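What follows is the residue order along each chain.
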Amino acid sequence: MTDYFEIHERDGAARIGELRLADPLTTPALADDVVTDAGSLWPEDREVPDGDESTLTVLPHRGLPAGTPDEVEDAFAVEYPDVDCPSAAVVSPETATGHGTDAYVLSNATGYAGHAAAFVDAMLSVREATPADTALYLPGVATPANVATLVYAGADLVDTDRAVLRGTKGFYLATDGEYFLEDLDELPCACPACQQPRDEFDREDCAEHNQRALAAELARVRRRIRDGSLRDYIEGQARHDQWLTATFRRLDQQYGYLEQRTPIVRRGEITAATDDTIRRVEIQRFAERVTTQYRSRFSNPLVLVPCSAKKPYSESQSHGQYHDVIQWRAHVASMTSPIGVVPQELECTYPAQHYDSVVTGEWTATEIEFVSDVLEAYLQRNDYPKVVAHVPPEGYREIVERATADLDVDPVFTVDDHPTTSESLSNLAAELEGELTYPKREREHNTIRAIADYQFGEGAGDDLFDEIQTESRYPKLRVTDADGEQLAAMVPEYGVLSLTLAGGRRWAESDAPVKRVEIDGFVPHGSVLAPGVVDASDSIRPGDEVVIEGPAAFGVGRASMNGPEMVESTRGIASQVRHVEER
Amino acid sequence: MSKPSPDVYEQGKGMDAHNKAMREIRSRKDETYDPREPTRVWIDEDNTPDGVYQSLTIILNTGGCRWARAGGCTMCGYVAESVEGGSVAHEDLMAQIDVCLDHEQENAKDPSGLIKIYTSGSFLDEREVPAETRRAIAETFADRDRIVVESLPDFVDREKIEDFTAHDLETDIAVGLETATDRVRRDCVNKYFEFSEFERAAADARDAGAGIKAYLLMKPPFLSEPDAIEDMKRSVRKCAAVEGCHTVSMNPTNVQRHTMVEDLFHDGGYRPPWLWSVVEVLKSTADGEDVIVVSDPVGHGSDRGAHNCGECDDRVQKAIKDFDLRQDPSVFEQVSCDCERTWELVLERETGYNQPLVR
């Protein structure tokens, strides 16, 4: 039972939380002033302290340093008592399990920091084994350079121990690593400790600076979590140290851990500045859903076009020119790094209009491989009578050729120099000669169904929105049933559907996989709190549309946490409620 | 439990686990040794109740420690230095003694007044050193002043000791007590006897006219630096209070091959104690305790031995050796270093769950 910790915001495995002490502490934070150690059980037996609400008491523990044999860890496992005060249990990756405390201390984290494989293993083991709504404290390891990655991996509490001790040993710490103090002829910092003549700046000052640099970096990390942009920061900052880069890459390889915690939509824009961006959850998830859930419902030819800087693409000048030629006579998909392939129906869907990449005209080998793999999978899944590749020769052409090399698809290339030249455009027009225009109704209905496939699962578009009408103007489409009752609305900012009660009911009764939050016998207003959740689908991700069902109520809303977290948590908002009715 | 023995004490969850782990760790070693060569022999100077002596230290290669075969102590790699097969014949042991006497002749002008014999086990365990050999060795050194033999307390009894005292040798039994805290000895060191057994052995030794030299282990695995210092201060005081225990040799843990400590060290879970910590214990116990306290940090200054920052290690080690001979804490006023501040902060900040805070 977590009484003294609550998570308010999430960004992947990183969270903004609140340690609810007498003086509440917003996490991720320095734990120095709020932790009280009740002592190690190795040298002596300890009284269980009474504790109080001003401090997080680390219950009497046995530290199990890295390298402790498994059987020794098991044999010396500690039974943690139930206490009323804010408390933390010390756990090792091998023996971690829930102990009913508010926080968990990763035993002897100093043994893992610096080794990406061991660190990622340790974090995943402990995070998976302890309740989602508890804080994780990594003692003795934080520095200004590594704390962003520690938090990105799932740490909520750290301390100044390492920063201070490095200072006393003459190491000047910064977000880009550490310097020998004696090598610095000027101090690259504006903190108060550094505002003195260089020759008077000693190791004590250095320790002070290190602490301040760590505190400042934590503030930045908190801001980044709130903005949903910690990953973008990590991709740049972690490069200063090999083990940090290795850590976030190894976390990418633990896709399940990050995917479960990564929201379906974000406000912020993805900075696509490195090949690592391709491996982040949002990009991989979009590619996976487009190539396994989405299906084109158009019978017209496919025209592949390059992406545009302006989003959504259809509002760009270049896409306007393509459209003037195509005139709804072809299905349009944009090729882009790092997203892959964006069919026209999903051009608003996160992250298709929420990224900006570095444009030089040169493609990296990784980009070429990724986009061609996605395109190949896309073309395997969707049959077109004809594929027109209206893309520039550089990069794009190679990608299309690679993607179709093993397929029974013979793309027609219509661009020799640039896709917007009149020659290119007239080539395109020639290839579409005689094709029929599909009506607006088909276009809009297919857009709704495509988003449903993407958002709810393969086939959901047909299961939920077979017989519909659409109203209002794209991209703010409203979906009604044959009788005119509204089922859903398209949210133009994120390209997803938000359901009405009628839409939710239709979903709940459909064959499509339902993301369901089962609640106790109450009628939620505004939000469902975690303690009220009886069960929740594993597939729910933060930001997902969910159906909320209980003996007393039926509703629809948007998930604030993932499904397993809803079930495990005893605090926090599980889901927002958009519409609810008593039953 | 009236008569502690390795077999009786190999019980309990923690000890089972430690032994199982240690057997596995030791099995990684496959070297063997010549039974006619001692493990090590060297000449040094030692402080005794009768003053400072030239000493001949012998590490006999016996069949190895019986307890170590069951798994044994978490920090002890010496078992691996014993011969394959387990036991060494009388003739071979005496051949080892001859090698040591030759070494002494070659390296010292005069015969050493003090003879110290260790076995990485128990010299008084007749499975390691048969009674015949023990008597022959006593005979060999009958003309010296003092002799120290190492033994676990279970094997200490009056008759065996009298083999030495009969020759008018001032005899000391060196007991690897490790710590006076039973819990630390059991759970961190994985040694099976209790402090009360040490007290009994001391009483028996006294009855036989011998003394006791207690060997303490500073910072076994799992203890933080401040907890380790506290454990040593408490242990020195408790040893001093045992009648017949006239000397305490407090030695920092070093990282030996094929031990649990080495596994922890390898994975970043163990740092040998600071030399400043050794100094701290020696200083704090120098006054008021009626006992000689010495320390011999093995491998000082290296990652695997007690160390400070790398700059001051030799100076601090020298002060410790100086203290060993003079028992005067003022020797430590001569040494200081920037890294003392780091060490102080480690004492403030290190806990069971964050150690080691620095390497």
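No experiment lies behind these values; they were computed from the predicted model shown. Every chain begins its residue count from 1, and numbering advances along the sequence as written. A letter from A marks each chain and a number from 1 marks each ligand, given out in the order of writing. Two thresholds apply to this predicted model, a pLDDT of at least 70 for residue-level local features and 80 or more for giving and counting side-chain atom pairs, whereas whole-chain, interface and lining totals are computed over all residues.

Helical segments are the DSSP runs of H or I of at least four residues, strand segments are the runs of E of at least two, and each set is numbered from the N terminus. Looking only at helices and strands, chain B features 13 helices and eight strands. The C-alpha atoms of chain B give a radius of gyration of 19 Å, which matches the 21 Å a tight globule of 359 residues would have. Each principal axis of the C-alpha distribution contributes one length, and for chain B these read about 55 × 45 × 40 Å. Field definition: a residue is buried when 20 or more other C-beta atoms are found within 10 Å of its C-beta, exposed when 12 or fewer are, and partly exposed for counts in between, with C-beta atoms placed from the backbone. For chain B, buried positions account for 55% of its 359 residues. By definition, residues are in contact whenever their C-beta atoms, placed on the basis of the backbone, come within 7 Å of each other. In chain B, 76% of the contacts between residues at least 6 apart in sequence involve partners at least 24 apart. Both definitions apply: the radius of gyration is a C-alpha atom measure, and the globule rule equals 2.2 Å times residues to the power 0.38.

Quick look at the overall build of chain A now. Within chain A one finds 17 helices and 29 strands. Its C-alpha radius of gyration of 27 Å places chain A within 12% of the 25 Å reference for a compact globule of 583 residues. Expressed as lengths along the three principal axes of its C-alpha atoms, the size of chain A is roughly 85 × 65 × 45 Å. Looking at the 583 residues of chain A, the share that counts as buried comes to 53%. In chain A, the proportion of contacts linking residues at least 24 apart, taken out of those at least 6 apart, comes to 65%.

So, on to the packing of helix α11 (residues 365-381) of chain A against helix α12 (residues 393-404) of chain A. All names here are of chain A. Axes, fitted as lines to C-alpha atoms, cover a helix only where it is in contact. Angles between the N-to-C directions of the axes lie from 0 to 180 degrees. Contact pair α11 / α12: the axes reach a minimum separation of 8 Å and the direction vectors enclose 45°. With respect to α12, the axis of α11 lies oblique. Along this stretch, α11 crosses α12, giving a crossing that reads as right-handed. Taken together, the residues of α12 that come into contact with α11 (itself represented by Ile368, Val371, Ser372, Leu375, Glu376 and Leu379) are Gly395, Glu398, Ile399, Val400, Arg402, Ala403 and Thr404. When residue character is reported, Ala, Val, Leu, Ile, Met, Phe, Trp, Tyr, Cys and Pro are called nonpolar, Asp, Glu, Lys and Arg charged, and the others, Gly included, polar. Among the residues forming the contact of α11 with α12, the class breakdown is seven nonpolar, three polar and three charged. Oblique is the label for any angle not under 35 degrees, not over 145, and not in the 65 to 115 range, which are roughly parallel, roughly antiparallel and roughly perpendicular in turn. With the far helix as reference, a near helix turned anticlockwise by less than a right angle produces a left-handed crossing, and one turned clockwise produces a right-handed crossing.

The strands making up a sheet associate through backbone hydrogen bonding, with each pair oriented either parallel or antiparallel. Residues and elements named next belong to chain A. Here a strand pair is declared whenever DSSP counts at least two bridges between the two strands. Reading across the sheet, the four strands line up as β20-β21-β22-β23 and stay open at both edges, with antiparallel pairing between neighbours. Of all strands in the sheet, those bounded by a partner on one side alone are β20 (469-471) and β23 (496-499). Going from strand to strand, the sheet's axes swing by 30° on average, the running direction of each strand aside. One ladder, built from four bridges, connects strand β22 (residues 486-491) with β23; its direction is antiparallel. Residue pairing across strands places Met490 opposite Leu497, the latter belonging to β23. On the sheet, helix α14 (residues 440-456) packs against β20, β21 (478-480), β22 and β23 and is oriented at approximately 85° with respect to β23. Each of β22 and β23 is contacted by helix α16 (residues 501-509), which is oriented at about 100° to β22, the strand it contacts most.

Counting 178 residues, the largest nonpolar core has Tyr137, Leu138 and Val158 of chain A together with Ile173 of chain B as its most contacted members. At seven residues, the largest contribution of residues to this core is made by helix α5 (residues 203-227) of chain A. Beyond its immediate sequence surroundings of up to four residues, Ile173 of chain B is in contact with Val149, Ser151, Val156, Ile161, Ala201, Ala205, Ala210 and Ile212 of chain B. What we call a nonpolar core is a set of buried Ala, Val, Leu, Ile, Met, Phe, Trp, Tyr and Cys residues whose membership is set by joining through C-beta atoms within 7 Å.

Here we come to the environment of Asp121 of chain A. By the element assignment, Asp121 of chain A lies in helix α2 (residues 116-129). The spacing of Asp121 of chain A and Arg250 of chain A is 129 residues in sequence and 9.5 Å in space, taken between C-alpha atoms.

Residues and elements named next belong to chain A. Pairing is mixed across the open sheet formed by six strands, whose spatial order is β25-β29-β28-β27-β24-β26. Strand pairing shows two members of the sheet lacking a second neighbour, β25 (527-529) and β26 (533-536), which therefore form its edges. Across this sheet, the average inter-strand angle for adjacent strands is 35°, counted without regard to direction. Two strands pair when backbone bridges link them, and strand β28 (residues 553-559) and strand β29 (residues 573-582) are joined in this way by seven bridges, in the antiparallel orientation. Bridged to Gly557 within β29 is Val577. Seen against the sheet, α16 touches β27 (545-549), β28 and β29 and runs at an angle of roughly 85° to β27.

Overall, the predicted model of chain B reaches an average pLDDT of 92, with 95% of residues at or above 70. Reported for the predicted complex are a pTM of 0.93 and an ipTM of 0.92. Along the chain, pLDDT gives the predictor's confidence residue by residue, from 0 to 100.

Attention shifts here to unusual backbone geometry. Following Tyr350 of chain A, the chain continues to Pro351 of chain A via a peptide bond in cis, the omega torsion being 0°. One can find Pro351 of chain A in the loop between β16 (340-343) and β17 (355-357). In this structure, the amide linkage connecting Gln355 of chain B to the following residue, Pro356 of chain B, adopts the cis form with an omega of -5°. Among the secondary structure elements, Pro356 of chain B is positioned in the segment after α13 (339-349). Residue Trp328 of chain A is not a glycine yet carries a positive backbone phi of 60°. Mapped onto the elements of the fold, Trp328 of chain A is located in the loop between α10 (317-326) and β15 (331-336). Positive phi values are uncommon outside glycine, yet His258 of chain B reaches one of about 60°.

Further remarks concern the interface of chain B and chain A. With 39 residues of chain B at the contact, the number on the chain A side is 33 residues. Elements represented by at least two residues in the side of chain B that touches chain A include exactly α2 (13-26), α7 (182-189), α9 (225-240), α10 (260-266) and α13 of chain B. At seven residues, the largest contribution of residues to the side of chain B that touches chain A is made by α2 of chain B. Considered class by class, the residues forming the side of chain B that touches chain A number 15 nonpolar, twelve polar and twelve charged.

Relative to the elements of secondary structure, Pro86 of chain A occurs in the loop between α1 (70-75) and β7 (87-91). Each C-alpha atom of the pair Pro86 of chain A and Val58 of chain A lies 8.8 Å from the other, and the pair is 28 residues apart in sequence.

As a further point, take the packing of helix α4 (residues 161-168) of chain A against α5 of chain A. Residue and element names in this part refer to chain A. Axis separation between α4 and α5 bottoms out at 7 Å; the angle between their running directions is 155°. Considering their axes alone, α4 and α5 lie roughly antiparallel with respect to each other. Between α4 and α5 the crossing geometry is right-handed. Each of Ala163, Val164, Arg166, Gly167 and Thr168 in α4 lies in contact with α5, whose residues at this interface are Arg203, Cys206, Ala207, His209, Asn210, Gln211 and Leu214. Of the residues contributing to the contact of α4 with α5, the split by class is five nonpolar, five polar and two charged.

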